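Here are the chains, one letter per residue:
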Amino acid sequence: MVLFFTTTLIVSIVGLMLLLSVKQWELRTGAVLGGRVRAPVGNFFHTALLWIERILPTLTRVFLRRAFRASVAFVHRASAWGVLWAEWTLERVLHVLRKTTSVRHGVGEASVFLREVAEHKRKLLKEGHAARAKVPVRE
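The rules behind these values
Residues numbered from 1 in each chain as written. Predicted model: local features only at pLDDT ≥ 70, side-chain atom pairs only at ≥ 80, totals over all residues. Heavy atoms only, no water. Helix = DSSP H or I, 4+ residues; strand = E, 2+ residues; numbered from the N terminus. Rg over C-alpha atoms; globule rule 2.2 N^0.38 Å. Buried < 20%, exposed > 50% of the residue type's maximum accessible area, 1.4 Å probe, protein only. Lys, Arg positive; Asp, Glu negative; His and termini not counted. Charge placed at Lys NZ, Arg CZ, Asp CG, Glu CD. Expected span 1.5 Å × (residues − 1). Salt bridge = Lys/Arg side-chain N within 4 Å of Asp/Glu carboxyl O. Bend = angle between axes of the 7 residues up to and from the residue. Phe/Tyr/Trp six-rings, centres within 6.5 Å; stacked < 30°, edge-to-face > 60°. Patch = residues over 30% accessible without salt bridge, like charges linked within 9 Å, V, L, I, M, F, W, Y side chains within 5 Å. Areas by Shrake-Rupley, 256 points an atom, 1.4 Å probe, with all protein chains shown as cover.

Novice: Got a sec to walk through the overall build of the protein? Specific residues and values, please.
Specialist: Counting secondary structure elements, the protein contains three helices and zero strands. Compactness check: the protein gives a C-alpha radius of gyration of 47 Å against a globular reference of 14 Å for 139 residues, more than 25% above the reference. In terms of principal-axis extent, the alpha carbons of the protein reach across some 135 × 40 × 40 Å. Evaluated residue by residue, the protein yields a buried proportion of 1% over its 139 residues. The centroid of the 22 positive side-chain charges in the protein is displaced by 16 Å from the centroid of its 9 negative side-chain charges.

Novice: Could you give an account of the environment of Ser-111, with specific residues and numbers?
Specialist: If you trace the backbone, Ser-111 turns up in the loop between α2 (35-101) and α3 (112-134). Sequence-wise, Ser-111 and Lys-23 are 88 residues apart; in three dimensions their C-alpha atoms are separated by 121 Å.

Novice: Kindly report on helix α1 (residues 2-29), identifying the contributing residues and their values.
Specialist: Between its first and last C-alpha, α1 extends 41 Å over 28 residues, near the 40 Å set by a 1.5 Å rise per residue. Phi for Gly-30, located one or two positions after α1, is positive at around 85 degrees.

Novice: Account for the pattern of salt bridges, with residues named and values stated.
Specialist: The final tally for this structure, using the stated rule, is two salt bridges. Salt-bridge contacts for Arg-38 lead to Glu-26; the nearest nitrogen and oxygen are separated by 3.2 Å. One end of the pair, Arg-38, is in helix α2; the other, Glu-26, is in helix α1, with 12 residues separating them in the sequence. Residue classification places Arg-38 among the partly exposed positions, given a relative accessible area of 47%. Of the residues examined, Glu-26 reaches a relative accessible area of 11% and is grouped as buried. We note a salt bridge from Glu-119 to Arg-122, for which the minimum N-O separation is 2.9 Å. In this pair, Glu-119 and Arg-122 are both assigned in helix α3, three residues apart and thus about one turn of the helix distant. Overall, the relative accessible area of 47% leaves Glu-119 in the partly exposed class.

Novice: A description of α2 should follow, citing residues and the corresponding values.
Specialist: In this model α2 runs 96 Å from its N-terminal to its C-terminal C-alpha over 67 residues, within 8% of the 99 Å that 1.5 Å per residue would give. The largest bend in α2 comes to about 40 degrees, at Trp-51.

Novice: So what's going on with the packing of aromatic side chains? Which residues, and what values?
Specialist: Each aromatic ring pair is summarised here by two numbers: the centre-to-centre distance and the angle between the ring planes. Evaluation of the coordinates by the stated rule reveals two aromatic pairs. Here Phe-44 and Phe-45 contribute two aromatic rings whose centre-to-centre distance is 5.2 Å and whose plane-to-plane angle is 70 degrees, an arrangement assigned as edge-to-face. Classification of Phe-44 as exposed rests on a relative accessible area of 56%.

Novice: Tell me what's going on with a nonpolar patch on the surface, and back it up with residues and numbers.
Specialist: A cluster of nonpolar residues, Leu-49, Trp-51, Ile-52, Leu-56 and Leu-59, forms a patch on the protein surface that exposes about 490 Å² of accessible area. Following the sequence through the fold, Trp-51 ends up in helix α2. You can call Trp-51 partly exposed: its relative accessible area is 42%.

Take a look at the structure:
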């Protein structure tokens, strides 16, 4: 790790010495190194920095907003479909329960046993009503 930092430091020092040497030469001779290329290179880097500093962050922000809105809409629709599916399933279950628990009316007459049970029930109900009618109500 120390070797990497030492190498980086040495390369930086050599680069700075080279830049200072070139600048000293330009000031002594009056010539400009790469004079014809400086304007196009400056324009290129200006455009690149404009994209990096302004345009890409704006595009990213717009994209993230749209993605967030789309995900909210997706969750909303998925929830609605889930509720509809649950409702449909409950309706099917209710339909099956109604079908299985409904009273099936048989064709023909009831058996002797069932008629006796019905008669006994009617008799008990009549006795219960008569007994309730005879009991005085306290206030």
